Amino acid sequence: MNSPETLETADASSRTVETDAAQQVLQRVFGYDSFRGLQREIVEQVVSGGDALVLMPTGGGKSLCYQIPALVRPGVGVVISPLIALMQDQVDALTALGVRAGFLNSTQYPDERRTVEAQFVAGELDLLYLAPERLKLESTADLLDRGKVSVFAIDEAHCVSQWGHDFRPDYLALSVLHERWPDVPRIALTATATEATRREIAERLDLTGAKHFVAGFDRPNIQYRIEPKNRADQQLLSFIRTEHPGEAGIVYCLSRNSVERTAEFLCRNGIDAVPYHAGLDARTRATNQSRFLREDGLIVVATIAFGMGIDKPDVRFVAHLDLPKSVEGYYQETGRAGRDGLPSTAWMVYGLNDVVQQRKMIDSSEGDAAHRRQLQLHLDAMLALCETVQCRRTQLLNYFGQSGDTCGNCDTCLNPPESWDGTVAAQKVLSTVLRLKRERGQSFGAGHIVDILLGKSNPKVLQHKHNELKVFGVGADLRDTEWRGVIRQLLAQGLLAVHGEYGVLTLTEASDEVLFKKRTVHMRREPERVKPPRAAKAKASRLAAAELAPAAAGLFEQLRTWRASVAKEQGVPAYVVFHDATLRDIVGRAPANLAELGGISGIGENKLAKYGEGVLEVVAGFDGGSSSEPTSRPSRPERPAAPRGGTSSARSHTERARPATRSRFEAAEPAPPSDSMNWDVPEADFEPPPDDFY
Ligand code: ADP
Ligand code: ZN
């Protein structure tokens, strides 16, 4: 057993040797000077044969935690990942670093699979990626027995949690790893987990004896904002135009229909966007995902079927047009913004209709009462986040069992909402619902209740003689949208309930307290018009180029052009070649030779050999780029040495480039069978009615 106690007393000198080896790999292969946060401890634990459960936010650097042990320990590291559609990208990124990686999945031709299997058995791989369903096959287990496994890494480990948002039944079978290969250390990693989910992961994966590493969950570079929903698509358009023009982002919608509609709407308005949902055919999905990863500034409009494992570092915003079902889901999805640490926005619009829809979905969901109760709890936590008058970040961190001070970088910090005593308003709504029921035996949706309160003599009101009710017109003190806000908050606080297909409002036990015992109800008043955040923050999203002096920005752009052509030629995303942060460093230091270039973070041995000359040519050929004076030469020639030197030099080093027919750039795979897709969820393709439906 790998109990933590035995590990703590492991021979100190051997640990030093292992630590040295890990440090060397970090520098030589990845080109990084030092470990970040808990990485060193985690790597030490696994390298020395111990098990680990790692909770780290997206962008925290989880991959190194298993990749380095796989490179240091003898044998092949086996990575269990639910992300079939991304395995090729993961392997490409490792190959670019000179790491020998492969995968086995159903998108491959049999001969490709056999080649990888042979490489595994011969120990010619450092890392092998597998989907959990494949690991369940006896033939896969036999294969693993024929080679030597150095470590099992269980990525996206929250998929084992049945109550979580990404449950993947095949993950349950991963508990066999320990029984069948007791000497192989296991490391499970996830970016989302409450205390309860962490316990569940540990139990289900038989990792209770493992050492647990819980990193801070804060993502300080992400600005959280939740705004009242009016006309969601127009709001989205103005958000993108004013804050993130030309930048990459993900827009989440609940239904396939709204995904399609929103993507079309953006395109009609001159914004590049592609749809992604489980109802699209595999090829379209693959193409759209691939374009999102490879092209600069593309927006993907998607259901939650999209995104897990997408490690594109420069996603500048994540927008939600519908309310996510849980805080875990929300945090996971928003976490896909800004993995590169640069300023990014998590933006959401939310309205009464979201609450009504979600409650209806829970009512009609399959599963037992306990399951529905669980869904209800998840929704309540999400609603509490939406309605809070406190710092959103603090509330999020508290939800994950961590503390945080008010952040200064969320909407409630930047533009604090007022809180008001909504008791009388609440009583007006509740007594309208009560009178309709008592006096007429009727129930209605929110829209009609608001019409009664406002005293609108519309046909529906007249038809039912609701103008004769005592409450008719008692709500002239608030506007339509304000009443909708009141009803939304009553629903969120459990002081009203919603039922049935038409979303009729009914009272709850707690309603009585407000109606008869005068329980005070605090409400949030939305700022009239949500002020855009501080200009510096919003614009900082274009930090990559903006912060640089004009001359430096010119060189940065040329390096990006060079990178784009190299990436295209190799059929890999641009960030696989170099991250923006590395290009910025190159600009800042203007290296004159390979040795200087090799000292830059993110440039390991292999990338130096492969791209070094090309980069140096761009830098040397840049007219005035080494000068730090603010030169203003607007009409610099567009295409200097970059594409020429860059591509030829890169080509001479692309020893492992795949044949063009297999490039996912063209999405030319055979029609993928069973497990070929990203983990996908069955989703109701309901079309939410417009927000003013009720
Ligand atoms: P996660 O899987 O936790 O979301 P990644 O493993 O993708 O995070 O790492 C996020 C980013 O941080 C990547 O660009 C990675 O190269 C970078 N990174 C990770 N560890 C280090 C380190 N020790 N030094 C510098 N950069 C690092
Ligand atoms: Zn805040």
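Residues numbered from 1 in each chain as written. Chains lettered and ligands numbered in written order. Predicted model: local features only at pLDDT ≥ 70, side-chain atom pairs only at ≥ 80, totals over all residues. Heavy atoms only, no water.

Concerning the coordination of the zinc ion (ligand 2)
Distances from the zinc ion (ligand 2) to its protein donors, Cys 391 (SG), Cys 407 (SG), Cys 410 (SG) and Cys 413 (SG), fall at 2.3 to 2.4 Å. Coordination at the zinc ion (ligand 2) comes from four donor atoms whose angles at the metal span 103 to 118°, giving a geometry best classed as tetrahedral. Sequence spacing of the donor residues for the zinc ion (ligand 2), all on one chain, is C-x15-C-x2-C-x2-C. Of this pair, Cys 391 sits in the loop between α16 (369-387) and α17 (392-399) while Cys 413 is found in helix α18 (residues 411-414), placing the two residues 22 residues apart along the sequence. What makes Cys 413 partly exposed here is its relative accessible area of 24%. (Donors = N, O, S within 2.8 Å, 3.2 Å for Na, K, Ca; no water. Tetrahedral: all angles 85-135°; square planar, octahedral: opposite > 155°, others 65-115°. Helix = DSSP H or I, 4+ residues; strand = E, 2+ residues; numbered from the N terminus. Buried < 20%, exposed > 50% of the residue type's maximum accessible area, 1.4 Å probe, protein only.)

Overview of the confidence of the model for the protein
Mean pLDDT over the protein works out to 83, with 84% of the residues at or above the 70 mark. Segment residues 1-10: pLDDT under 50, and 15 contacts once partners within four positions in sequence are set aside and those in other chains are kept. For residues 534-546, every residue scores under 50 in pLDDT, and the model assigns this stretch 27 contacts once sequence neighbours within four places are set aside. (pLDDT = per-residue confidence, 0-100. Contact = heavy atoms within 4.5 Å.)

Points about the packing of helix α5 (residues 84-96) against helix α13 (residues 282-294)
Direction vectors running N to C along α5 and α13 enclose 35°, while the axes themselves pass 11 Å from each other. Two packed elements cross with a definite hand, and for α5 against α13 that hand is right-handed. On α13, the residues that touch Ala 85, Leu 86 and Asp 89 of α5 are Gln 289, Leu 293 and Arg 294. Of the residues assigned to the contact of α5 with α13, the class counts are three nonpolar, one polar and two charged. (Axes fitted to C-alpha atoms, helices over the stretch in contact; angles between N-to-C directions. Left-handed = near helix turned anticlockwise from the far one by under 90°. Nonpolar A, V, L, I, M, F, W, Y, C, P; charged D, E, K, R; others polar.)

Observations regarding empty space enclosed by the protein
Summed over all chains, the structure comprises five cavities of 30 Å³ or more. Space inside the largest cavity adds up to approximately 100 Å³. Lining the largest cavity we find 14 residues, and of these Pro 313, Asp 314, Arg 563, Tyr 575 and Asp 580 sit closest to its centre. When residues of the lining of the largest cavity are traced back to their parent elements, those giving at least two are α13 and α27 (574-577). Its residues placed into classes, the lining of the largest cavity shows five nonpolar, one polar and eight charged. (1 Å grid on protein atoms, 1.4 Å probe; cavity = no way out; pocket = protein on both sides within 12 Å on 5 of 7 lines; lining within 4 Å. Points joined across faces, edges and corners; volume = space filled by probe spheres on them.)

Quick word on the site of ligand 1
Surrounding ligand 1, one finds 15 residues, the nearest of these being Tyr 32, Gly 59, Ser 63, Arg 339 and His 579. Within the side chain of Tyr 32, one N or O atom sits 2.4 Å away from an oxygen atom of ligand 1. Contact distances for ligand 1 include 3.4 Å between an oxygen atom and a backbone N or O atom of Gly 60. Burial of ligand 1 by the protein chains amounts to 83% of its free accessible area of 560 Å². (Near = heavy atom within 4 Å. Polar contact = N/O pair within 3.5 Å; in protein donor to acceptor, adjacent residues only side chain to side chain. Areas by Shrake-Rupley, 256 points an atom, 1.4 Å probe, with all protein chains shown as cover.)

Regarding the pairing of strand β16 (residues 504-507)
Pairing of strand β15 (residues 496-499) with β16 involves four bridges; the strand directions are antiparallel. Bridge assignment links Ala 497 to a residue of β16, and that residue is Thr 506. Count of turn residues in the β15/β16 antiparallel hairpin: four residues, of which Gly 500 carries a positive phi of about 70°. (Pairing = 2+ DSSP bridges.)

Some points on the sheet that holds strand β9 (residues 249-252)
Spatially, the six strands line up as an open sheet ordered β8-β13-β12-β9-β11-β10, and their pairing is parallel. Only two strands of the sheet have a single partner each, and these edge strands are β8 (222-228) and β10 (273-276). Each adjacent strand pair in this sheet contributes to an overall mean axis angle of 15°, direction not counted. As paired elements, β10 and strand β11 (residues 299-302) share four bridges and run parallel to each other. Of the residues in β11, the one forming a bridge with Tyr 276 is Ala 302. Sitting on the sheet, helix α11 (residues 232-243) is in contact with β8, β9, β11, β12 (317-320) and β13 (344-350), with an inclination near 165° to β13.

Some words on the packing of aromatic side chains
Counted by the stated rule, this structure contains 13 aromatic pairs. Pairing Trp 562 with Tyr 611 gives two aromatic rings, centres 6.0 Å apart and planes at 85°, and the pair type is edge-to-face. A residue pair is termed long-range when its members are at least 10 positions apart, and Trp 562 in helix α26 (residues 550-570) and Tyr 611 in helix α30 (residues 605-621) qualify at 49 residues. You can call Trp 562 buried: its relative accessible area is 0%. Its relative accessible area of 0% is what places Tyr 611 among the buried residues. Grouping aromatic residues by their ring pairs yields a cluster made of Phe 217, Tyr 224, Tyr 330, Tyr 331, Tyr 399 and Phe 400. (Phe/Tyr/Trp six-rings, centres within 6.5 Å; stacked < 30°, edge-to-face > 60°.)

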